[in-house]
Amino acid sequence: MCPVRGGGCSWPASVVGSVTAALLLAAVIVRLFVPRACSSGIIKGRRQVGAGAAGGARLPAGSLGWPLLGETLAFIRAAYSPRPESFVEKRRVLYGKVFKSHLWGSPAVVSSDPEVSRAVLQADASAFVPWYPRSLMELMGQSSILVLGGGLQRRVHGLAGAFFKSPQLKAQVTLDMQRRVGRAMDMWGRRRHRSMGDDDSGGMPVRVQNEAKSIVFEILVRALIGLEEGDKMQYLRQQFQEFIAGLISLPVKLPGTQLYRSLKAKKRMTKLIKTIIQEKRKKMMSEGGDDLRGGTHPRDMIDVLLGNGNDELTDELISDNMIDFMIPAEDSVPVLITLAVKYISECPLALQQLEEENMELKRQKSGAGETLEWTDYMSLAFTQHVITETLRMGNIINGIMRKAVRDVEVRGHLVPKGWRVLVYFRAVHLDAAVHDDPHAFNPWRWKERPDVVAMSGFTPFGGGQRLCPGLDLARLEASIFLHHLVTNFRWVAEEDTVVNFPTVRLKRGMPIAVTPRTC
Ligand code: HEM
């Protein structure tokens, strides 16, 4: 078993101080921007609770903290510490697994109870709708799948899920990823040779996070909008990086602010993507739509949405969503890969078993003169356990927020209308009552639990109607990267720490000094 070493978050106090100040300001601004109707609903809700209303359900115990600020600062302080879950753990001891708090300018019910969380995830838009910080809502737009509700969300979700799960897309992604990873790893080998001569101590460190980001972005963007590598791809990535920097920023869009720059970048991306959509529409018209509606398979996600022939799927909606779908390409999947490399670097037993499994597959395939297919990667049992365990420990998405559209009872707990619910995956994934020795990286724990998607104590991809449609794709890309890394290189990892807030990432990008394998 491998207790995870390091992991300490060493943000300088000045950074914590200034970010905290910025967030304090954000909390005040958010409070000022919260619609009045919502505030009065909250007060009404609290009175009802006192009177024991809503079918006997009770508001959970807890503290609403300071006026206006609530407990947001305590949450952020914990988020910057090596144990972000300590905010929930402390209150769990005092109030239980479900408690009330006040976060991001609103009263909230926080759940670290697997069954309550599952019920919230499975509830539909008549009970809860997604809630995101104001800057994020502004940047994503009203037609983003992340905020859409009802029939349109289900339609886009269904189309995306079917496409991302299709064997044709998985085969295309596998080919693209193998080619792109192969090229990047050739460069690592050559760079090492140039900088170190022939000794075995490793050359210039490779930063896994950066490498994974540029590889995964290109592969997923091709799957989404059909764009090939080249100048337009470079341009799109630059704009996307500007866009993503504003997702969690002050909700002020004056010239000079991050939000303003991010909105401008989104406009430029939208222009590029709309041109692609229009070209595809023209092509469809000239071919009578046969190419997409008929026998041949859609080549990318735009083809899928256009081929559906639904008038609600406007160019605006398609381009907005293509941009949102790029977020996991730049963020979640590369972070999954990077965390997996960190954890296996710290756990020699797991690394050895991963190498053996992947070397065995490589030998078998090259012995039979065959190339690897997506099914080969996905059938590597131990590799999949490594990815599952990385998702559990890494908590790439710490949790999700919903807003109650009416008084809702969830397994005996009342969530008053207008309140938020924070479904905090991280506290469940690291709860000793749910997973033995939860801070130890132990891929073997998954041997006896084949159906991880159905488990309520393991929800890195969410659940219910909004269960991540890209979950197979994320696993496939991580498996391909790990296969090529462990079968082509040995490496020495430098010290690095996981930063958990506002998004999960490795502080130094996970530098490793690689040496090509000779056997
Ligand atoms: C490690 C990688 C990933 C993680 C941890 C992850 C996690 C999640 C989570 C937790 C949700 C649920 C959000 C909610 O309930 O509000 C979600 C939704 C979503 N994910 Fe992923 N995701 C990953 C990769 C991907 C990939 C590769 C794609 C496809 C390009 C993707 C596309 C989406 C979309 C479109 C939604 C919104 C679904 C909806 O609201 O109907 N994700 N993801």
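What counts and how
Residues numbered from 1 in each chain as written. Predicted model: local features only at pLDDT ≥ 70, side-chain atom pairs only at ≥ 80, totals over all residues. Heavy atoms only, no water. UniProt positions renumbered as here; feature names shortened; annotations may be inferred. Salt bridge = Lys/Arg side-chain N within 4 Å of Asp/Glu carboxyl O. Helix = DSSP H or I, 4+ residues; strand = E, 2+ residues; numbered from the N terminus. Buried < 20%, exposed > 50% of the residue type's maximum accessible area, 1.4 Å probe, protein only. Pairing = 2+ DSSP bridges. Near = heavy atom within 4 Å. Polar contact = N/O pair within 3.5 Å; in protein donor to acceptor, adjacent residues only side chain to side chain. Nonpolar A, V, L, I, M, F, W, Y, C, P; charged D, E, K, R; others polar.

If you check an unreviewed UniProt entry, the protein chain appears there as Cytochrome P450 90D2 from Zea mays. What the UniProt record of the protein chain gives under Cofactor (unreviewed entry) is the line "heme". According to its UniProt record, the protein chain has this under Subcellular location (unreviewed entry): "Membrane".

Between side chains of opposite charge, a pair can form as their charged atoms come close. Scanning the model with the defined rule gives 32 salt bridges in all. Among the salt bridges present, the one from Arg 261 reaches Glu 242, with a minimum N-O distance of 3.8 Å. Residue Arg 261 is located in helix α11 (residues 258-286), and its partner Glu 242 is located in helix α10 (residues 231-245); the two are separated by 19 residues in the primary sequence. A salt bridge links Glu 316 to Lys 274; the nearest nitrogen and oxygen atoms lie 2.6 Å apart. With a gap of 42 residues between them, Glu 316 in helix α14 (residues 315-325) and Lys 274 in helix α11 connect regions that are remote in the sequence. Its relative accessible area of 41% is what places Glu 316 among the partly exposed residues. Linked by salt bridges that have partners in common, Asp 176, Arg 179, Arg 183, Arg 222, Glu 228 and Glu 229 make up one network.

So, about the pairing of strand β6 (residues 400-404). For β6, the buried fraction is high: 4 of the 5 residues fall into the buried class. Of the pairings in the sheet, the one linking strand β4 (residues 128-130) to β6 comprises 3 bridges and is antiparallel in character. Note that in β6 the partner of Phe 128 across the bridge is Ala 404.

Let us now look at the site of the ligand. The environment of the ligand is formed by 24 residues, the closest being Gln 153, His 157, Arg 402, Arg 466 and Cys 468. Within the contact set of the ligand, an oxygen atom lies 2.8 Å away from a side-chain nitrogen or oxygen of Gln 153. When residues of the shell around the ligand are traced back to their parent elements, those giving at least two are α7 (150-165), α16 (332-345) and β6. Residues belonging to the shell around the ligand are distributed by class as follows: 17 nonpolar, 5 polar and 2 charged.

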